[in-house]
Amino acid sequence: MRLNGKEINRDYENLEQLLLEHRFELKYIAVECNGRIIPRSEYSDYIPQPEDEMEVVSFVGGG
């Protein structure tokens, strides 16, 4: 699978585990997987697949 353009060769129990291991702050991100936004409520249910293309974006405040 690819995460933000980098190849990852590891299996994860679910998307939440992947995100936490890569040190993402879950409440400040959005995840797109294969062109679909995955709701935060599905992070623990979604099982990443080897062919997945994921992009994770962080929200930042500013003024």
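Below or above, wherever it landed, is the structure these notes cover. Just so you know, these numbers come straight off a predicted model, no measurement behind them. (Residues numbered from 1 in each chain as written. Predicted model: local features only at pLDDT ≥ 70, side-chain atom pairs only at ≥ 80, totals over all residues. Heavy atoms only, no water.)

## Points about the sheet that holds strand β1 (residues 2–3)
Spatially, β2-β1-β5-β3-β4 is the arrangement adopted by the 5 strands of the open sheet, whose pairing is mixed. Only two strands of the sheet have a single neighbouring strand rather than two, namely β2 (6–7) and β4 (36–38). Pairing between β1 and β2: 2 bridges, direction antiparallel. Bridging from a neighbouring strand, L3 pairs with K6 of β2. (Pairing = 2+ DSSP bridges. Helix = DSSP H or I, 4+ residues; strand = E, 2+ residues; numbered from the N terminus.)

## Regarding the side chain of N14
Structurally, the position occupied by N14 is in the loop between β2 and α1 (15–21). Only 3.2 Å separates the side chain of N14 from the backbone nitrogen of E16, close enough to count as a polar contact. N14 has contacts with Y43, S44, Y46, I47 and P48, leaving out every residue within four places of it along the chain. (Polar contact = N/O pair within 3.5 Å; in protein donor to acceptor, adjacent residues only side chain to side chain. Contact = heavy atoms within 4.5 Å.)

## A word on the nonpolar core
Among soluble globular proteins, nonpolar side chains are generally buried collectively. Formed by 16 residues in total, the largest nonpolar core has its most connected members in L15, L18, L19, I29, V31, Y43 and M54. Elements supplying a minimum of two residues to this core: α1, β3 (29–33) and β5 (53–58). Residues in contact with L19, not counting those within four places in the same chain, are F24, L26, I29, V31, Y43 and V56. (Core = buried A, V, L, I, M, F, W, Y, C linked by side-chain atoms within 4.5 Å. Buried < 20%, exposed > 50% of the residue type's maximum accessible area, 1.4 Å probe, protein only.)

## Here we look at the packing of aromatic side chains
Scanning the model with the defined rule gives 0 aromatic pairs in all. Of note, R10 hangs over the ring of Y12, and the distance from its end group to the ring centre comes to 4.3 Å. (Phe/Tyr/Trp six-rings, centres within 6.5 Å; stacked < 30°, edge-to-face > 60°. Lys NZ or Arg CZ within 6 Å of the ring centre and 35° of its normal.)

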